[in-house]
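# Close look at the chain arrangement
Here is what each chain is made of, one letter per residue.
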Amino acid sequence: SCWRMGAPGNPGGGTVATAPGAGDDVFLVRNGADSLTVGFANSASPNLPAYNTLKLRGTGGGEVGLGVARNSLAVDDRLRIGDLGKGKLTQSGGTVRTGQLLLGAGVGGVGRYELSGGTLESASTLSVGFNGGYGELVQTGGSATAARLYVGEQDPKFTRGDPRASSFTQSAGLTTLTVTAQIGVVDVGTDQFSLAGAGSLNISGGRFQTPELAVNG
């Protein structure tokens, strides 16, 4: 099933009586100049059944934000922040677990993740800026784990919608990658990449661990 939220009190233009449940595709969408921030809370139990996908998208100039301060937010497939619009996730505690994190996906996508506490876990990749979008991951605490980090990942078929270089910035906390970190990545084929994109890696504190690091330029 699909759960949509548009304006407050009017989810997706329809009527939704209950919160999204396990296996749902969840869309937090707002069209307008005003921004909207939603606080995530799981009062029923420490662990919430996993959604299938979760997208944050603000169009018309506004941003859709999600705040996680405690408990567990689980997304089995893709967590897309700034999917063809503006989105931000702020995590100060708890656990965010997903199959893949995409920040700034598609032309017009602008996504930001602020991690100051708690744990961020991605089973596959942390993609910061993806196929024409612009992304930022700012870590000032907590821990992040993933197999791969891609910053500025770009498929040549897509036009970059934002001239800025996507970035990963860490001043504290722990980041652990088990396969690779690639900064400024262009997808040139099935599982084949070149370093001709636009991305930056800025580490001023904490610990950043990866068995492989490739940086464009």
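Here the structure is a predicted model, which means the values were calculated and not measured.

## Examining the overall build of the protein
Each helix and strand counted, the protein has zero helices and 18 strands in total. The 217 residues of the protein split such that 46% are buried. Taking as baseline every contact in the protein between residues at least 6 positions apart, the subset at least 24 positions apart corresponds to 68%. Carbon and sulfur atoms form 49% of the exposed surface of the protein, whose accessible area is close to 9,400 Å².

## A few points about the confidence of the model for the protein
Mean pLDDT over the protein: 83, with 78% of residues reaching 70 or higher. Here residues 6-17 scores under 50 on pLDDT; set against residues more than four positions off or in separate chains, the count is 14 contacts.

## A short note on the pattern of salt bridges
Taken as a whole, this structure holds five salt bridges when the rule is applied. With a closest N to O distance of 2.8 Å, aspartate 83 and arginine 80 form a salt bridge. An identical accessibility class is assigned to aspartate 83 and arginine 80; each is buried. The partner of arginine 112 in a salt bridge is glutamate 114, with the nearest N and O atoms 2.6 Å apart. Residue glutamate 114 is classed as partly exposed on the basis of its relative accessible area, which comes to 23%. If you follow the salt bridges from partner to partner, you end up with Arg57, Arg80 and Asp83 in one network.

## Points about the side chain of threonine 180
Looking at the element boundaries, threonine 180 is found in strand β13 (residues 166-183). On the accessibility criterion, threonine 180 (2% relative accessible area) is buried. Side-chain polar atoms of threonine 180 contact the side chain of glutamate 212, separated by 2.5 Å. Excluding anything up to four places from it in sequence, threonine 180 contacts Ala147, Arg148, Leu149, Tyr150, Thr210 and Glu212.

## Some details on the environment of glutamate 114
Mapping glutamate 114 onto the fold places it in strand β9 (residues 110-115). Each C-alpha atom of the pair glutamate 114 and valine 138 lies 5.0 Å from the other, and the pair is 24 residues apart in sequence.

## As for the environment of glycine 141
The topology assignment puts glycine 141 in strand β12 (residues 134-153). Among all residues touching glycine 141, those that are not within four sequence positions of it are Leu115, Ser116, Gly117, Ala172 and Gly173.

## Regarding unusual backbone geometry
Phi is positive for asparagine 71, close to 65 degrees, though the residue is something other than glycine. Along the chain, the position of asparagine 71 falls in the loop between β5 (63-68) and β6 (72-83). Here the phi dihedral of leucine 84 falls at roughly 60 degrees; this positive angle occurs in a residue that is not glycine. If you trace the backbone, leucine 84 turns up in the loop between β6 and β7 (86-91). Judged by its relative accessible area of 46%, leucine 84 is partly exposed.

## Considerations on the nonpolar core
Within soluble globular proteins, side chains that are nonpolar tend to cluster in buried spots. Among the nonpolar cores identified, the biggest contains 32 residues, and Leu54, Leu73, Leu101, Tyr113, Leu120, Leu137 and Leu149 are the most heavily contacted of them. In terms of residue count, β12 provides more of this core than any other element does, five residues in total. For tyrosine 113, the contacting residues outside a window of four places in its chain are Ile81, Leu89, Gln91, Val96, Leu101, Leu103, Leu120, Glu136, Leu137 and Val138.

## Quick notes on the environment of leucine 174
The topology assignment puts leucine 174 in strand β13. Under the relative-accessibility criterion, leucine 174 is labelled partly exposed at 34%. On a C-alpha basis, the gap between leucine 174 and serine 143 in space is 4.6 Å, while along the polypeptide they are 31 residues apart. Ignoring sequence-local partners within four residues, the contact set of leucine 174 consists of Gln139, Gly142, Ser143, Ala144, Arg207 and Gln209.

## Points about the pairing of β13
Examined bridge by bridge, β12 and β13 share 13 bridges and lie parallel to one another. Note that in β13 the partner of threonine 140 across the bridge is alanine 172. Of the strand pairs in this sheet, β13 and strand β16 (residues 199-203) are connected by five bridges, and their pairing is parallel. Within β16, the residue paired with serine 166 across the bridge is glycine 199. As paired strands, β13 and strand β17 (residues 207-209) are joined by three bridges and run parallel to one another. Bridging from a neighbouring strand, threonine 176 pairs with glutamine 209 of β17.

Definitions and limits used
Numbers given for residues are sequential positions, taken from 1 along each chain in its written order. Totals for whole chains, interfaces and linings use every residue, but because this is a predicted model, local features are given only for residues with pLDDT of at least 70 and side-chain atom pairs only at 80 or more, for both listing and counting. As a rule here, side-chain values cover all heavy atoms of the structure and leave hydrogens and water aside. Secondary structure is summarised from DSSP: a helix means a run of H or I of at least four residues, a strand means a run of E of at least two, and numbering begins at the N terminus for each. To sort residues, take the accessible area from a 1.4 Å probe on protein chains only and compare it with the maximum for the residue type: under 20% means buried, over 50% means exposed, and anything in between is partly exposed. The contact rule is simple, with two residues in contact once any of their heavy atoms fall within 4.5 Å. Computed with a 1.4 Å probe, the accessible areas rest on the Shrake-Rupley method; for each residue, only the protein chains presented here act as cover. pLDDT gives the predictor's per-residue confidence on a scale running from 0 to 100. Any carboxyl oxygen of Asp or Glu within 4 Å of a side-chain nitrogen of Lys or Arg constitutes a salt bridge here. In the analysis that follows, any N or O atom pair within 3.5 Å is treated as a polar contact, provided that within protein one partner can donate a hydrogen and the other can accept it, and provided that, for residues neighboring in sequence, both atoms belong to side chains. The set of buried Ala, Val, Leu, Ile, Met, Phe, Trp, Tyr and Cys residues whose side-chain atoms join them within 4.5 Å is what this entry labels a nonpolar core. By definition, two strands form a pair when at least two bridges between them are found by DSSP.

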